[in-house]
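Architecture at a glance
Here's the letter readout for the chains.
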Amino acid sequence: MVIPRAVFAHYMVGLTYMQSAEQWGYDIGNASAAAIDGFALNIGPSDSYTLDSLRHAYDAAAKFDNFTLFLSFDFQATGGSWSPKAIADLTNTFKDEPAQFKVDGKPLVSTFEGVAFADQWSQARSQVDGDIFLVPDWSSLGADGLYPHLNEIDGAFSFDAWPTAGQTNKTTDSDVLYNKVLKQTSQANKFNVKTYNGKAYMMGVSPYFYTKLSQLGKNWYSSSDSLWYDRWQQVLDVMPDLVEIVSWNDFGESHHIGNNVEAQIMPSAKPYVDGLSHAGFRAILPYFIAAYKAGTKNITLPESMGDGAVSAWYRTTPIELPNCSDGGTKWGQSGSDSAKDGVRDVINIVAVSARDTSLTVSLGEASYTVQVASGAPQFFQVSFAELNNQRGTVSISMGNQTATGAAITDECPESGVVSDSVLVMLLTIVHAC
């Protein structure tokens, strides 16, 4: 088994009704420019436009050097169910496309859940010419739950990319356990199952999580102040076989790193998505991805980043704003505490520079300066208090470049104080001084 380290972004194909080939090309171009290697194409069983969207995606990807795709079958999508034949038919349709990602000559296939389908994968495999390389997400089982299925799969993807309810920071505990379970060789376990070859681990990485979709019964926030930086540091510690960013375009859960696409945003998500760009999360990806592929945290700054880059994110409303409720949002999935307990009034910053320099954050008439050492990306938090709790426009300067973001105000967001999820700024230093 030879797997070149690669980083994919989770792309919700179900949001692409009537999406043009040009939009696919635009998204793929932006992802490729951020050093992302491809998209994991999440597809449900009942959308009539899936085949057309996939054709557009594969055709667009083929126009880019080294940008690849794989199918990820969503078993939680409403309106139908997957059959072995349907999975095999779609896989056979695209497995030999130039942009198909393969491992040992086999098309990689993944899922979102689908544990109940586990015993039917042998049927799907038998109908695919040349077999598949199966790396499902069965996160509901947990790593230990994979033991009875190790002979059915070639690896596993973990969607466990966020802190749990009431937890401020994400740990690597689950990643370490996945590696332990998947990498065992010729070793009996409590289910008396032996694995004779190490299995692939695809690690989930995400920048943020906030959702309030009442029609789906979803209203929670996972602590995300330092998540994007923390999770990439964890990738460089764990060094998984593959990485999947969740997500490129799941706007309803606020973890998208792609540009906003109006047609893809659910109406109920617009209050906390419109006007708040997440594109800046991509600013520091070329460094982290290059370091991951090199197998070390310290590398020469990639040429595409110029002399440095800054990615900054913050909420635009103070959490203790009087007469502004939490909108019923809970702290973490299945949590019981208010999400207000899981956020801080801070501006979060990741900065990387080719030379020692300073970085200044300004809010209204106040400013705060930190020193950025050359080398690997560094994480900083500047609290609203350190900026004298002022209100007004946020700007960040490093070298001879300045980026300006949305103002921090006392205006209560429509869906509650936590729902003003995140504004991400992008600052690329082309000629730092």
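Residues numbered from 1 in each chain as written. Predicted model: local features only at pLDDT ≥ 70, side-chain atom pairs only at ≥ 80, totals over all residues. Heavy atoms only, no water.

Named according to an unreviewed UniProt entry, the protein is Glycoside hydrolase originating from Cercophora scortea.

**A few points about the packing of aromatic side chains**
Put simply, the rule reads: Note on aromatic pairs: the rings of Phe, Tyr and Trp (six-membered ring only in Trp) are paired at centre separations within 6.5 Å, and the planes decide the class, stacked below 30 degrees, edge-to-face beyond 60, tilted for the rest. Secondary structure elements are defined from DSSP: runs of H or I of at least 4 residues count as helices, runs of E of at least 2 residues count as strands, and each element is numbered from the N terminus. A simple rule labels every residue: compare its accessible area, found with a 1.4 Å probe on the protein chains alone, to the largest value its type can have, and call it buried under 20%, exposed over 50%, or partly exposed in between.
All told, the structure shown has 27 aromatic pairs when counted by the stated rule. Both rings, one in Tyr17 and one in Tyr49, keep their centres 5.3 Å apart while their planes meet at 65 degrees; by these two values the pair is edge-to-face. Of the two residues, Tyr17 sits in the loop between β1 (6-12) and α1 (21-33) while Tyr49 sits in the loop between β2 (38-43) and α2 (50-61), which places them 32 residues apart along the sequence. Residue classification places Tyr17 among the exposed residues on the basis of a relative accessible area of 57%. Their ring planes at 50 degrees and their centres at 5.4 Å tell us that Phe39 and Trp248 sit as a pair that is tilted. Taken together, the residues span a long stretch of sequence, with Phe39 in strand β2 and Trp248 in the loop between β11 (242-245) and α7 (270-273) at a distance of 209 residues. Taken as a pair, Phe39 and Trp248 share a single burial class, namely buried.

**Some points on the state of the cysteines**
Which entries qualify depends on this criterion: Note on terminology: disulfide denotes any pair of cysteine sulfur atoms within 2.5 Å.
Using the criterion set out here, one finds one disulfide in the structure. Paired by a disulfide, Cys324 and Cys412 hold their sulfur atoms 2.1 Å apart. Measuring the twist about the S-S bond at about 80 degrees, one finds the Cys324-Cys412 disulfide to be right-handed. Of this pair, Cys324 sits in the loop between β12 (308-314) and β13 (330-331) while Cys412 sits in the loop between β19 (401-408) and β20 (423-429), placing them 88 residues apart in sequence.

**Describing the sheet that holds strand β16 (residues 366-372)**
Stated precisely, the cut-off is as follows: By this definition, two strands are paired if DSSP reports at least two bridges between them. Fitted lines through C-alpha atoms give the axes, limited to the stretch in contact for helices. The angle between two N-to-C directions lies from 0 to 180 degrees.
As summarised here, the arrangement of the four strands in space is β16-β15-β18-β19, forming an open sheet in which the pairing is antiparallel. In this open sheet, the two strands that pair with only one neighbour each are β16 and β19. Taken pair by pair, the neighbouring strands of this sheet meet at an average axis angle of 15 degrees, ignoring direction. Here strand β15 (residues 357-363) runs beside strand β18 (residues 392-398); their pairing, made up of five bridges, is antiparallel.

**Quick word on unusual backbone geometry**
The amide bond that connects Val246 to the next residue, Ser247, takes the cis arrangement and shows omega of 15 degrees. Take Ser247: it is sitting in the loop between β11 and α7. Positive phi is not limited to glycine here, since Ala35 has a value of about 75 degrees. Structurally, Ala35 can be placed in the loop between α1 and β2. Using a relative accessible area of 26% as the deciding quantity, one classes Ala35 as partly exposed.

**A short note on the pairing of strand β7 (residues 155-158)**
Taking every second residue as pointing to the same face, both faces of β7 are buried, with Gly155 and Phe157 on one and Ala156 and Ser158 on the other. Judged from the four bridges that link them, β7 and strand β8 (residues 200-205) form a sheet pairing that is parallel. Across the sheet, residue Phe157 finds its bridge partner in β8, namely Met202.

**Section: the nonpolar core**
Rules: For this analysis, a nonpolar core means a set of buried residues of the types Ala, Val, Leu, Ile, Met, Phe, Trp, Tyr and Cys, connected via side-chain atoms within 4.5 Å. Contacts: residue pairs with any heavy atoms within 4.5 Å of one another.
Of all hydrophobic cores here, the largest spans 75 residues; its most connected members are Ile36, Phe39, Leu41, Trp121, Trp228 and Trp232. Ignoring anything within four residues of it in the chain, the contact list for Trp121 reads Phe73, Phe75, Ile87, Val109, Thr111, Ile132, Leu134 and Trp138. Within the second largest apolar cluster, 21 residues are counted, among which are Leu108, Phe157, Phe159 and Phe209.

**Here we look at the pattern of salt bridges**
Which entries qualify depends on this criterion: The term salt bridge refers to a pairing of a side-chain nitrogen on Lys or Arg with a carboxyl oxygen on Asp or Glu at a separation within 4 Å.
Throughout the structure, instances matching the rule amount to 17 salt bridges. Asp175 is the salt-bridge partner of Arg231, the closest N and O atoms lying 2.8 Å from each other. One end of the pair, Arg231, is in helix α6 (residues 227-238); the other, Asp175, is in helix α5 (residues 173-183), and 56 residues separate them in sequence. Under the relative-accessibility criterion, Asp175 is labelled buried at 0%. With a shortest N-O distance of 2.6 Å, Arg315 and Asp345 are connected by a salt bridge. With a gap of 30 residues between them, Arg315 in the loop between β12 and β13 and Asp345 in the loop between β13 and β14 (346-353) connect regions that are remote in the sequence. Note on Arg315: relative accessible area 4%, which makes it buried. Asp345 sits in the partly exposed class, given a relative accessible area of 21%. Shared partners join several salt bridges into a network, and the residues in it are Lys106, Arg125, Asp131 and Asp154.

**Focus: the packing of α6 against helix α8 (residues 285-294)**
Going by this rule: If an angle is under 35 degrees, it is roughly parallel; if it is over 145, roughly antiparallel; if it lies from 65 to 115, roughly perpendicular; otherwise it is oblique. In this scheme the crossing of two helices becomes right-handed for a clockwise turn of the near helix relative to the far one and left-handed for an anticlockwise turn of less than a right angle. When residue character is reported, Ala, Val, Leu, Ile, Met, Phe, Trp, Tyr, Cys and Pro are called nonpolar, Asp, Glu, Lys and Arg charged, and the others, Gly included, polar.
Closest axis-to-axis distance for the α6/α8 pair is 9 Å, and the angle between their directions is 15 degrees. The angle between α6 and α8 falls in the class roughly parallel. α8 is crossed by α6, and the crossing has left-handed handedness. Each of Trp228, Tyr229, Trp232, Gln233, Val235 and Leu236 in α6 lies in contact with α8, whose residues at this interface are Leu285, Phe288, Ile289, Ala291 and Tyr292. Looking at side-chain class alone, the contact of α6 with α8 contains ten nonpolar, one polar and no charged residues.

**Looking at the sheet that holds strand β9 (residues 210-213)**
Read from one edge of the open sheet, three strands run β9-β10-β13, paired in mixed fashion. Both outer strands of the open sheet, β9 and β13, are each paired with one neighbouring strand and no more. In this structure, β9 lies alongside strand β10 (residues 218-221), joined through four bridges in antiparallel fashion. Among the inter-strand pairings, Leu213 is bridged to a residue of β10, identified as Lys218.

**Brief notes about α1**
For clarity, the threshold we go by: A helix is expected to span 1.5 Å for every residue after the first. Here, the arc refers to the directions that run from the helix axis to the C-beta atoms.
A rise of 1.5 Å per residue sets the reference length of α1, with its 13 residues, at 18 Å; its end C-alpha atoms lie 18 Å apart and thus fit the reference within 8%. Three or more residues of α1 are buried, namely Gln23, Trp24, Asp27, Ile28, Asn30 and Ala31. Take α1 and look down its axis: the buried residues cluster within an arc of 160 degrees, on one side only. Seen from the open side of α1, the exposed residues pointing more than 90 degrees away from its buried face are Glu22 and Ala33.

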